[in-house]
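Next come the chains, spelled out residue by residue.
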Amino acid sequence: MISIAIVDDEQMYLDKEKRITEEYFRRKGQECRIELFQDAEWLLCELEEKKFDIYVLDVEMPGQKNGLELAREIRQSEPEALILLLTSHVKYAIEGYKVRALRYVPKMRMEETLPEALEDAYRLAKE
């Protein structure tokens, strides 16, 4: 079973990301467990006890740790973590490379780009 953590401060996007992810894995015939987090700190607390196969992180989360900061913290304990970054702004791409994100997913094209990114992550998670 593949485990996925999705972090986004906006419930609307969180629901959409979950739906797209569930649909992707259902088409693959792969069981998955998806946990949703509206706050980066909630995920960090969970990471004290468990790890996830794939992390889908929103880059911009005002008033809290952003996805790039969260990715850096995940990297400290999981150097090989599969991290997908979601954003509406390409300006964060360079920082995304610094945290070794697997893929960058533009929110405005999420319906087509998130499944592509999940395909890459799934392939690597199975190795």
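From a predicted model like this one, the values you see are computed outputs, not experimental measurements. (Residues numbered from 1 in each chain as written. Predicted model: local features only at pLDDT ≥ 70, side-chain atom pairs only at ≥ 80, totals over all residues. Heavy atoms only, no water.)

### Considering helix H5 (residues 110–126)
Rule in force here: Segments assigned H or I by DSSP are reported as helices when at least four residues long, segments assigned E as strands when at least two residues long, and all are numbered from the N terminus. Here, expected helix span is obtained from the residue count minus one, scaled by 1.5 Å. The buried label goes to any residue with under 20% of its type's maximum accessible area, the exposed label to any with over 50%, and the partly exposed label to all in between, with areas taken from a 1.4 Å probe on protein chains only.
A rise of 1.5 Å per residue sets the reference length of H5, with its 17 residues, at 24 Å; its end C-alpha atoms lie 23 Å apart and thus fit the reference within 8%. Those residues of H5 not exposed but buried are Met-110, Thr-113, Leu-114, Pro-115, Ala-117, Leu-118, Asp-120, Ala-121 and Tyr-122.

### With respect to the packing of aromatic side chains
Quick reminder of the rule: Only the six-membered ring of Trp is used, alongside the rings of Phe and Tyr, when aromatic pairs are assigned; centres must lie within 6.5 Å, and planes under 30 degrees apart are stacked while those over 60 apart are edge-to-face, with the rest tilted.
In total, this model carries five aromatic pairs according to the counting rule given. Both rings, one in Phe-25 and one in Tyr-122, keep their centres 5.7 Å apart while their planes meet at 80°; by these two values the pair is edge-to-face. Remark: Tyr-122 occurs in helix H5 and Phe-25 occurs in helix H1 (residues 11–28); sequence separation between them is 97 residues. On the numbers, 5.8 Å between centres and 75° between planes, the contact of Phe-52 with Tyr-55 is edge-to-face. You'll find Phe-52 and Tyr-55 in the same group, each marked buried. Grouped by ring-pair contacts, the aromatic residues Tyr-24, Phe-25 and Tyr-122 constitute a single cluster.

### Quick word on the packing of H1 against H5
The condition is simple: To obtain each axis, a line is fitted to C-alpha atoms, and for helices this fit is confined to the stretch in contact; angles are then taken between N-to-C directions over 0 to 180 degrees. An angle below 35 degrees is read as roughly parallel, one above 145 as roughly antiparallel, one from 65 to 115 as roughly perpendicular, and any other as oblique. Handedness of each helix crossing follows the sense of rotation of the near helix against the far helix: counterclockwise by less than a right angle gives left-handed, clockwise gives right-handed. Residue contacts follow a heavy-atom distance rule, with two residues in contact if any of their heavy atoms lie within 4.5 Å. Residue classes follow a fixed rule: Ala, Val, Leu, Ile, Met, Phe, Trp, Tyr, Cys and Pro count as nonpolar, while Asp, Glu, Lys and Arg count as charged, and any other residue, Gly among them, counts as polar.
Contact pair H1 / H5: the axes reach a minimum separation of 10 Å and the direction vectors enclose 55°. As far as their axial angle goes, H5 and H1 are oblique. Helix-helix and strand crossings are classified by hand; for H1 and H5 the assignment is right-handed. Here H1 contributes Tyr-13, Lys-16, Glu-17, Arg-19, Ile-20, Thr-21, Tyr-24, Phe-25, Arg-27 and Lys-28 to the contact with H5, which in turn contributes Met-110, Glu-111, Leu-114, Pro-115, Leu-118, Glu-119 and Tyr-122. By residue class, the composition of the contact of H1 with H5 is nine nonpolar, one polar and seven charged.

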